[in-house]
Amino acid sequence: MFDKQKLFKIGVVFFIFIAIAAVLLRLLFSRTTQAPETTIPVVVTKGILSDLQKDYKINAYIEPKNMVQVHSKVSGNITTFRVDIGDKVKAGDELLLINDAPYRLQFEQASAAYDGIGKIYERVRRSYNQGVATQQEYDEARTRYEATKSQYELAKLQMDYARVDSPIDGTVLQKYVSTGQLVSPDVGLLVVADLSELVVRAKLPEDNFFRFNKDRDKITVKIKHPAEDTLYAAHIERIGEMVEPQSKNFEVVCNLDEGYDFLRPGMFVNVIFILERKEDVYSLPIRTLVGDDVLWYVNPDTMRAERMIFQPVFSDDDSFEIPNGYKDYYFIVEGQNFIYDGQPVSVKNTDDYPELSGEQQPVSESEKEAAAVQETSGGQDAETEAESAAAEESAA
């Protein structure tokens, strides 16, 4: 009985020993036999020398700086139009005529009364000066004369108002009425605008108010029509003094400095406020970034991907600035989302970079450790350069 138990224990121990040996052999085999590495195709780019700008874009409409809707001051039927749409006029030029027959009759009646009362007043005045007429007679004659004179001048004014003149120098943009139509003072007749000065009135959100007032003299304005690529220069004429409570917007009026041969009132345009600009700096496309602070590049000596920590300091809608020290790096712009540090890569756009057409080289353990140290220091250097650039920008 004792011998059987002893043999059983020995068998169990032997079985456990065999199992442990098998596991150790499997682990040893797995360390010495590694699966082949997968080579990932990527597209690379170097830093691009370009201009970067921070801007704010909004849509608006072209308007004349001075535009007037012309009204008549008397009622009546239009008898004659002197102008048509597109005609250029000067201030005081006749635009149209209203039938003045009723006003002419009133004027003739008032004129006759004015002449008659005027003669009576003159006789009473002489008599008064000679001591023949009394003070009361003189005052009554004078009052009737002044009332008749006022009626005469009013009748003459109404007759003159039958002729509608242009209030400003400009161009006829619109006509709302036609010959023969009955009009009154509350009916708009036509629109005259001075096209020598065009403006855009942009409505900006409230959170831009302080920056626009602070940096007004530094902000450059460009006007672009959606149908073409030309940028026309403009400048800020006025910034509104209040924020509209309902919309939470404020108005920025910009005068056009050029583009008068093409742009017309009523056109829909893009207004570009250039808030800050840097010229001749090296940059990368925004899509190069993974997340907010990771860049991948190809080591040309090993043809393997390496990781870099980098936080952009200055960017626009499409690109971000990089330090001059990184301009010759081969940054991965396509394929960087599916690689790991040290993974072999093949460059697809070797026509642009023929020096990257070679095969990747194996990396030793010591090289991996050195690369890890370099990555850490490189990331720190990038952060340091970014912080220095930010400090310089803030100081400027």
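Since we're looking at a predicted model, the values are computed, not measured.

S.K.: Run through the sheet that holds strand β18 (residues 345-347), naming residues and quoting values.
M.R.: One open sheet holds the 5 strands; their spatial order is β15-β14-β17-β1-β18, and the pairing between them is mixed. Looking at strand neighbours, the two that pair on one side only are β15 (304-309) and β18, the edges of this open sheet. With direction set aside, neighbouring strand axes in the sheet form an average angle of 50 degrees. In this sheet, β18 lies alongside strand β1 (residues 40-45) in parallel orientation, the contact comprising 3 bridges. Within β18, the residue paired with Pro41 across the bridge is Ser346.

S.K.: Give me the confidence of the model for the protein: which residues, what numbers.
M.R.: In the predicted model, the protein carries a mean pLDDT of 86, and the fraction of residues at 70 or more is 84%. Mean pLDDT values for the elements of the protein range from 49 in helix α5 (residues 365-395) up to 96 in strand β12 (residues 249-256). Every residue in residues 373-380 scores below 50 in pLDDT, and together they form 4 contacts with partners more than four places removed in sequence or on other chains.

S.K.: If you had to explain the side chain of His225 to someone new, which residues and values would you point to?
M.R.: Here His225 lies in the loop between β10 (220-224) and β11 (231-239). The buried category is assigned to His225, whose relative accessible area is 16%. A distance of 3.0 Å separates a polar side-chain atom of His225 from the backbone nitrogen of Ala227.

S.K.: An account of the pattern of salt bridges is requested, with residue identities and associated values reported.
M.R.: Pairing is possible between side chains of opposite charge, provided their charged atoms come close. Enumeration according to the criterion identifies 21 salt bridges in this entry. We note a salt bridge from Asp317 to Lys57, for which the minimum N-O separation is 3.9 Å. Of this pair, Asp317 sits in the loop between β15 and β16 (319-321) while Lys57 sits in strand β2 (residues 48-71), and the two are 260 residues apart along the sequence. The shortest N-O distance in the salt bridge between Asp328 and Lys327 comes to 3.4 Å. In this structure Asp328 comes out as partly exposed when scored by relative accessible area, which is 46%.

Rules behind the numbers
Residues numbered from 1 in each chain as written. Predicted model: local features only at pLDDT ≥ 70, side-chain atom pairs only at ≥ 80, totals over all residues. Heavy atoms only, no water. Pairing = 2+ DSSP bridges. Helix = DSSP H or I, 4+ residues; strand = E, 2+ residues; numbered from the N terminus. Axes fitted to C-alpha atoms, helices over the stretch in contact; angles between N-to-C directions. pLDDT = per-residue confidence, 0-100. Contact = heavy atoms within 4.5 Å. Buried < 20%, exposed > 50% of the residue type's maximum accessible area, 1.4 Å probe, protein only. Polar contact = N/O pair within 3.5 Å; in protein donor to acceptor, adjacent residues only side chain to side chain. Salt bridge = Lys/Arg side-chain N within 4 Å of Asp/Glu carboxyl O.

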